[in-house]
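Residues per chain are reported as follows:
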Amino acid sequence: MKWTVIGYWGAYPASGSATSCYLLEKDGFRLLIDCGSGALSRLQETIDLMSLDAVILSHYHHDHKADIGALQYAWLVQNTLNNTERILPIYGHGFDSDNFAALSHHFTEGIAYDPSKSLTLGPFDIQFHKTQHPVPCYGMKIADGNASIVYTADTAFSEDWIPFAKNADLLITDTNFYKGMDGRGPGHMTSEEAGILASKAGVGQLYLSHLPHFGDHKELAKQASEVYRGPIELARENLKWTKDR
Ligand SMILES: [Zn+2]
């Protein structure tokens, strides 16, 4: 499977960029994971919007779902122009009824996932983990029978992430704060906590994402590397991770 970073900023996108959005592909199946501000513009650098098979959202904060409305318009316009009636499934949790209801539109269908069960989407098996965040939010472990990827979405550090992320081939962490800061209020991790999680879970590789609009991001990687000895990448546009059979 191939993981591509489409957007990686926290809160709002820097000029020309996007907030949280990732593309996961395998055997021609394309799953979009979160769809933040600026994501639709950036995504078209990589794929045609109509080539998506499904979308899944961790939670309903704007920096993870701002472009869902624009994506719904894109599917409306393209279906109309092409005289087609293709429906795009958008998976989200059902613990926020207004935001969940907004996932359904002319050519998109909101589908509630049950975070206590695994979900199969195309070639992917997805398990959920409730995060430490001010609103209901779910991280995900995605496996394809060959490799596994853990995406923390938005969360403060919590020990229960360690068994969930155990031995994942790739871990993508919310890294909104620098070492020594306290992310528990807004529900985000520091660089050091990302490193601790990666180290204790024994993951193969760490991507630091959901990056802040202050400080020098290189410091985030340096601070995480003090506790995690494996390979670390700062998320950036078009950063790709691939593991195939
Ligand atoms: Zn959030």
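Before any of the text, the structure's been laid out above.
Here we summarise the structure given alongside this text. (Residues numbered from 1 in each chain as written. Predicted model: local features only at pLDDT ≥ 70, side-chain atom pairs only at ≥ 80, totals over all residues. Heavy atoms only, no water.)

## What about the pairing of strand β11 (residues 170-174)?
- β11 sits mainly inside the fold: five of its five residues count as buried.
- Side-chain alternation along β11 places L170, I172 and D174 on one buried face and L171 and T173 on a second face that is also buried.
- Across four bridges, the pairing between β11 and strand β12 (residues 206-209) is parallel. Paired with I172 across the bridge in β12 is Y207.
- In this view, the connection linking β11 to its parallel neighbour β12 by way of helix α6 (residues 191-201) has right-handed handedness. (Buried < 20%, exposed > 50% of the residue type's maximum accessible area, 1.4 Å probe, protein only. Helix = DSSP H or I, 4+ residues; strand = E, 2+ residues; numbered from the N terminus. Pairing = 2+ DSSP bridges. Right-handed = clockwise from strand over helix to strand, strands pointing away.)

## Re empty space enclosed by the protein
- Counted under the stated rule, the structure contains one cavity of 30 Å³ or more.
- Contributing to the lining of the largest cavity are S20, Y22, H64, Y151, T152, A153, D154, I172, T173, D174, S209 and H210.
- In terms of residues, the lining of the largest cavity owes the most to one element, β11, which gives three residues.
- For the lining of the largest cavity, the class distribution of residues is four nonpolar, six polar and two charged. (1 Å grid on protein atoms, 1.4 Å probe; cavity = no way out; pocket = protein on both sides within 12 Å on 5 of 7 lines; lining within 4 Å. Points joined across faces, edges and corners; volume = space filled by probe spheres on them. Nonpolar A, V, L, I, M, F, W, Y, C, P; charged D, E, K, R; others polar.)

## Topic: the sheet that holds strand β2 (residues 21-26)
- Here we have seven strands laid out as an open sheet, ordered β6-β5-β4-β3-β2-β1-β14, and mixed in their pairing. Of all the strands in the sheet, just β6 (108-112) and β14 (240-242) have a single pairing partner and so form its edges. Strand-to-strand twist in this sheet, taken as the mean axis angle between neighbours without regard to direction, amounts to 20°.
- As judged from the five bridges shared by strand β5 (residues 88-92) and β6, these two strands associate in the parallel manner. Bridge pairing in β6 links P89 to E109.
- Across the sheet, helix α3 (residues 68-81) lies against β3 (29-35), β4 (54-56), β5 and β6, angled at about 165° from β5, the strand it touches most. (Axes fitted to C-alpha atoms, helices over the stretch in contact; angles between N-to-C directions. Contact = heavy atoms within 4.5 Å.)

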